[in-house]
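Here is what each chain is made of, one letter per residue.
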Amino acid sequence: MKRKLIILTLIIALILSLSANAEMKTIMDYRTETFLSAGLKHINIVRETTEGPLDINILKIDLNNEYTDFKPIYSHEISVKKPLSVIAQEWHSTAAINGEFYSVNNPSFPFGAIVDRSGIVSAPNTFEFGFPTIVKGPDGFDISVLDPKMKLLVSGIEVPLHTINKVGALDSEVIMLNSSWGKQSIGSTVNRKLVEIQVNGGRIRSIHIGEKPIDIPDDGFVIVFNSKNTELLNIFQNGATIETIIDFGFDINNIDWAAGGVNHLLKDGQIFQFNDSILGRHPRTAIGINKEEDTAFLVTVDGRNRHSIGTLQSELAMLLVELGCWNALNLDGGGSTQMVIDSYGIGDYTVVNSPSDGRERQMVSGFGVFNRYPAHSEVMNLEIIPGTTTLFKNQRFEYDLRAFNKYYVPIRFDVGRAMVTVKGLTNAIGAEGIIFTESGKATLKVSYNGVSSEIGIEVLNDVEEIASDLKEITLQTSDKFTLPDFIGIEGSGKTAVIKANEIEWQVSNNIGNVTTGVFVAGKNIGTGILTGRFDRGEVNIPIYVGYDEMLIHDFESLNGLLLNQYPSDSNGRMITFERSVEGRNSIKLFYDFTTMKPNDQAITFVEFGETGKLLQGEPKSFTMWVFGDRSNHWLRARIVDAYGVVHRIDFAEEIDWYGWKQVTANIPTNIAYPITLKNVYIANIYNDRNNKGSIYIDKLTANYPLKKMDSSEVPDNSKLVDKLKSKPSSYNDKITINKAGTFIGSLPADYSNIPENIHIVEIDVSKGGIKKTDNSQWSRLIELKELSDDTIIIRLNSHINDIDSIEAGVLRNLFHYLKENNTVFVVSSGSGESGATYDRGVRYIHFMQYFELYTIGNVQSYYYE
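Treat the numbers as computed from the prediction; the structure is a model and nothing was measured.

Cut-offs used in this document
- Residues numbered from 1 in each chain as written.
- Predicted model: local features only at pLDDT ≥ 70, side-chain atom pairs only at ≥ 80, totals over all residues.
- Heavy atoms only, no water.
- Helix = DSSP H or I, 4+ residues; strand = E, 2+ residues; numbered from the N terminus.
- Rg over C-alpha atoms; globule rule 2.2 N^0.38 Å.
- Buried < 20%, exposed > 50% of the residue type's maximum accessible area, 1.4 Å probe, protein only.
- Contact = heavy atoms within 4.5 Å.
- Areas by Shrake-Rupley, 256 points an atom, 1.4 Å probe, with all protein chains shown as cover.
- Lys, Arg positive; Asp, Glu negative; His and termini not counted.
- Charge placed at Lys NZ, Arg CZ, Asp CG, Glu CD.
- Patch = residues over 30% accessible without salt bridge, like charges linked within 9 Å, V, L, I, M, F, W, Y side chains within 5 Å.
- Salt bridge = Lys/Arg side-chain N within 4 Å of Asp/Glu carboxyl O.
- Pairing = 2+ DSSP bridges.
- pLDDT = per-residue confidence, 0-100.
- Core = buried A, V, L, I, M, F, W, Y, C linked by side-chain atoms within 4.5 Å.
- Axes fitted to C-alpha atoms, helices over the stretch in contact; angles between N-to-C directions.
- Polar contact = N/O pair within 3.5 Å; in protein donor to acceptor, adjacent residues only side chain to side chain.
- Expected span 1.5 Å × (residues − 1).

Enquirer: Looking at this structure, how should I read the overall build of the chain?
Expert: From N to C terminus, the chain includes six helices and 71 strands. For the chain, the C-alpha radius of gyration of 32 Å lies close to 29 Å, the compact-globule estimate for 865 residues. Relative to its full complement of 865 residues, the chain shows a buried share of 52%. In the chain, of all internal contacts separated by at least 6 residues, the share reaching a separation of at least 24 is 66%. As displayed, the chain offers around 39500 Å² of accessible surface, 47% of which is attributable to carbon and sulfur atoms. Side chains of the chain carry 82 positive and 106 negative charges; the gap between the two charge centres is 2 Å.

Right under this line is the structure:
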């Protein structure tokens with residue numbers, strides 16, 4: 001019997017109404033839902049808003065499902081930071097999000113509580129900090145700020161216990177480290193002489209003063225305090241009994257778990273509390289529980305990039321209300337915001353969001369979701385996941401298959417046994433995908449053991465033009481540059497992505513070559529043209545290999561250099577030394593970070609005089625040679641732009657090499673020239689790296705781009721000849737848009753004479769965008785969502801490329817959505833040259849004199865000058 005196909009992934013484009021009260025207004029959502037089990041669903045929402053785009057990931061958890069659960073997860077040594085994927089793997093969770101604030105130092109620790117069936121992993125912070133804790137107990141969930149009370153009874157004498165498994169200044173505090181901290185205690189350092197007391201079986205077993213780290217008993221703990229607290233030494237004696245008295249406001253033996261957060265964002269369905277330390281628009285992570293407490297939502301919102309701008313705390317709260325949350329807790333955000341998923345339960349985690357650091361950040365805790373379904377390997381549902389559903393002839397159509405068992409848990413299966421059929425177009429099916437040899441519409445159907453799934457595919461005509469935002473490539477000799485995806489445009493203006501490795505490339509002047517979509521520069525400095533071809537489309541990209549170097553300092557002497565240090569009592573120095581890459585000498589920079597205070601920083605600067613080195617022109621980077629010492633310290637520079645703004649740029653996040661190495665620090669692309677180089681410096685921010693050492697520095701240069709090629713030296717790209725562009729001698733209707741206004745025939749346009757199937761919307765972006773000019777104009781664009789089978793003309797008074805780039809991206813996506821059911825023209829006038837560009841079937845026309853739209857029966861054409 002053929003089983004009924006259950007659609008497991010829904011991709012929905014929704015245009016939503018505007019909320020009059022919300023600061024951020026939603027324009028439309030693209031929503032994808034994927035089952036990870038019957039009790040767990042991963043939801044991705046790509047949301048276009050009036051403030052910019054958002055990329056939202058949600059884990060929706062059915063708390064009534066007996067096989068699904070969520071709880072805090074943490075590094076098995078809470079003092080050791082690890083990537084979230086590693087922590088999730090240690091716990092064998094299906095999915096996870098990051099947890100609360102934690103110390104960035106080593107050793108690390110969570111700021112708030114972690115309590116589970118194993119005991120106290122981390123004590124709550126003191127009530128004065130105001131950090132809330134979410135507790136899952138026998139009566140459900142509770143979010144509140146705890147007031148922990150902890151003390152020790154040492155042979156009957158009370159000693160206040162400051163915290164458990166956290167390390168601070170250790171001035172007057174008494175702390176406890178148990179086996180969740182790690183295998184050993186923290187030990188003493190040159191600057192901090194500690195008393196560490198090993199306790200097991202309720203008695204003191206040994207006392208260690210000013211010693212190295214000691215072992216932490218599995219069933220005991222270590223008490224730690226500063227040796228200057230001599231009165232405590234008289235209380236703690238070998239063999240003395242110790243009793244721990246702890247009151248967190250709940251019975252720690254009668255809860256499932258407790259974990260800390262940053263602020264109690266929602267309480268009883270209302271926005272409750274914001275945290276002043278995390279104001280602004282940032283990546284965010286949160287946990288929400290609905291009113292019935294049968295559904296939990298683990299949410300991440302990406303930020304700090306052009307694809308997702310992040311949210312304010314108020315906007316995050318409204319998102320949680322929208323999802324149905326009644327109570328919610330905000331967690332650590334920024335670069336810590338992260339979600340990982342192991343779809344097949346084999347320990348292979350995928351980071352499904354886009355961390356703002358560009359990679360996983362190490363942390364100590366998170367929240368994991370667990371599937372504990374009985375094993376079941378029969379395929380009951382099948383899903384096709386295409387790379388795209390629109391492509392050109394002779395491109396490779398690639399797709400993945402995902403199978404699910406009866407619990408909707410993704411399972412692996414023998415893909416080779418799946419039956420693949422394509423209807424509608426001639427094609428060749430191979431192991432690596434499908435190649436279509438004609439244009440039109442096709443249907444792909446995949447069947448496996450009576451279960452089937454199918455999708456539609458559109459194959460476009462030949463490529464006439466290749467478009468890209470890549471205008472030039474600048475790189476050093478022997479460097480590599482990964483070419484981006486390009487946009488192919490066919491005769492009707494429809495577009496599809498062409499991967500760089502699908503394009504035929506040629507490189508002039510023997511300055512490099514392209515291999516599998518990567519340009520590899522040669523060893524010679526020079527310029528050339530990178531030419532790419534696909535069908536009749538051709539793109540030409542200038543390439544500049546190497547830089548013109550300007551020597552800033554050769555370090556043959558200390559002339560013009562000053563030494564500066566923080567803390568000021570550090571004993572660093574610099575000298576010239578006969579070890580160099582070029583010339584005779586380099587400078588040997590001695591650093592002394594032993595005076596660094598806990599949780600502070602230490603820096604040794606090489607200053608370029610009192611005011612710095614003013615640089616002529618517009619350098620793009622600095623390069624210098626450094627003889628590293630494997631200290632893992634930070635190597636940076638400070639520059640000041642034309643407005644006096646200080647920028648810190650990195651030569652190396654860690655000096656992890658020994659010997660000479662050339663390092664480069666890139667100058668921010670949006671900086672205001674001219675710039676001044678103030679200093680280069682070595683820095684430390686970690687408590688466990690406060691050492692002494694030295695590095696050598698030689699030949700510091702500023703790097704300037706090679707002279708730009710004249711436009712006559714760059715061949716013209718192929719251009720689409722638009723079949724709709726014509727100026728007929730006779731027509732039924734003509735609409736003219738010029739600098740004087742809009743006209744129907746020769747009469748000024750108004751609502752009475754504009755054809756009912758044509759809609760003209762004028763948008764003022766004169767101040768750089770809608771938001772900057774008049775944010776209420778979004779309403780007029782949103783109203784267009786109701787239209788179908790009509791012609792829409794969006795009239796901008798500036799080119800779309802001249803407005804805010806994030807807002808332009810939102811507008812382009814909105815116009816593409818409108819194009820699905822209408823014909824859309826976006827016309828603009830102003831500075832620049834007239835021309836037409838195409839994006840997913842939308843025509844963007846920039847005119848100098850006029851734009852005209854002609855109607856002849858049911859046929860339209862346009863013209864512009």
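Enquirer: So what exactly am I meant to see when it comes to a nonpolar patch on the surface here?
Expert: On the surface, I271, F274, M318 and V321 cluster together into a nonpolar patch covering about 320 Å² of accessible area. Along the chain, V321 turns up in helix α3 (residues 313-323). Since its relative accessible area comes to 32%, V321 is described here as partly exposed.

Enquirer: Help me understand the sheet that holds strand β16 (residues 194-200) in this model?
Expert: Adjacent strands of a sheet pair through backbone hydrogen bonds, lying either parallel or antiparallel. Read across the sheet, five strands follow the order β14-β15-β18-β16-β17 without closing on themselves; strand pairing throughout is mixed. The open sheet has two edge strands, β14 (163-164) and β17 (203-209), and neither has a second partner. Looking at chain direction, β14 and strand β15 (residues 175-178) are connected through two bridges and run parallel. Across the sheet, residue I164 finds its bridge partner in β15, namely M176.

Enquirer: Would you mind going over the confidence of the model for the chain with me for this structure?
Expert: Should the pLDDT be low somewhere, the predicted coordinates at that spot are not to be read in detail. In the predicted model, the chain carries a mean pLDDT of 93, and 97% of its residues have values of at least 70. Note that pLDDT drops below 50 for residues 1-22; the model gives that stretch 58 contacts with residues more than four away or on any other chain.

Enquirer: Help me out: how do you make sense of the nonpolar core in this one?
Expert: In a soluble, globular protein the nonpolar side chains are often hidden away together inside. The biggest cluster of nonpolar side chains holds 38 residues, and the ones touching the most others in it are F622, F651 and L700. Looking at this core, the elements with two or more residues in it are β53 (586-592), β54 (602-607), β56 (621-629), β57 (634-640), β58 (646-652), β59 (658-666), β60 (676-684) and β61 (692-704). For this core, the element with the highest residue contribution is β61, accounting for five residues. Leave out the neighbours within four places in its chain, and L700 touches M550, L551, I552, H553, F555, F608, F622, T623, M624, F651, L677 and V680. Y74, L84, I214 and I216 belong to the second-largest nonpolar core, a separate cluster that totals 28 residues.

Enquirer: Before we go on, may I ask you to explain the sheet that holds strand β43 (residues 486-489) in this structure?
Expert: Judged by pairing direction, the sheet is antiparallel, and its three strands sit side by side in the order β40-β43-β44 without closing on themselves. Strands at the two margins of the open sheet, each flanked by one partner only, are β40 (465-467) and β44 (495-498). Each strand axis lies, on average, 35 degrees off the axis of its neighbour in the sheet, ignoring direction. As judged from the three bridges shared by β40 and β43, these two strands associate in the antiparallel manner. From the neighbouring strand, I466 faces β43, where its bridge partner is G488.

Enquirer: What should I look at first to understand the environment of Q860 in this one?
Expert: Its place among the elements puts Q860 in strand β71 (residues 859-864). For Q860, a relative accessible area of 19% gives the class buried. Along the sequence, Q860 and K734 sit 126 residues apart, while their C-alpha atoms lie 9.8 Å from each other. The contact partners of Q860, leaving out residues within four places of it in the chain, are L724, I758, T791, T823, L853, Y854 and T855. Engagement of the side chain of Q860 in a polar contact is seen with the side chain of T791, the distance being 2.8 Å.

Enquirer: Is there a simple way to think about helix α6 (residues 805-819) in this case?
Expert: Owing to its 3.6 residues per turn, the α-helix brings residues three or four apart onto one side. Compared with an ideal rise of 1.5 Å per residue, which puts 15 residues at 21 Å, α6 spans 21 Å between its outermost C-alpha atoms and is within 8% of the ideal. Of all 15 residues in α6, 11 are buried; the element is thus mostly enclosed. What α6 keeps buried is the set E807, A808, V810, L811, R812, N813, L814, F815, H816, Y817 and L818.

Enquirer: Sorry, what's going on with the pattern of salt bridges here?
Expert: Should their charged atoms come close, side chains of opposite charge can pair. By the definition in use, this model includes 34 salt bridges. The residue E654 makes a salt bridge to R689 at a minimum N-O spacing of 3.4 Å. Remark: R689 occurs in the loop between β60 and β61 and E654 occurs in the loop between β58 and β59; sequence separation between them is 35 residues. Between K734 and E852 there is a salt bridge, and its shortest N-O distance comes to 3.7 Å. Separated by 118 residues along the polypeptide, K734 in strand β62 (residues 733-738) and E852 in strand β70 (residues 850-856) bring together distant segments of the chain. One exposure class covers both K734 and E852, and it is buried.

Enquirer: Mind showing me how you'd approach unusual backbone geometry here?
Expert: One can expect most non-glycine residues to show negative phi and most peptide bonds to be in trans. For the bond from N106 to P107, the omega torsion is 0 degrees, close enough to zero to count as cis. Within the secondary structure, P107 sits in the loop between β7 (95-98) and β8 (114-116). Non-glycine residue H92 carries a positive phi angle of around 60 degrees. Mapped onto the elements, H92 comes out in the loop between α1 (84-91) and β7. Although it is not a glycine, N165 adopts a positive phi angle of roughly 60 degrees. Turning to its location among the elements, N165 is positioned in the loop between β14 and β15. With a relative accessible area of 0%, N165 lands in the buried category.

Enquirer: When you look at the side chain of N290 in this model, what are you seeing that I'm missing?
Expert: Turning to its location among the elements, N290 is positioned in strand β23 (residues 284-290). N290 sits in the buried class, given a relative accessible area of 10%. Not counting the four nearest positions on each side in its chain, N290 is found in contact with T295, G324, C325 and W326.

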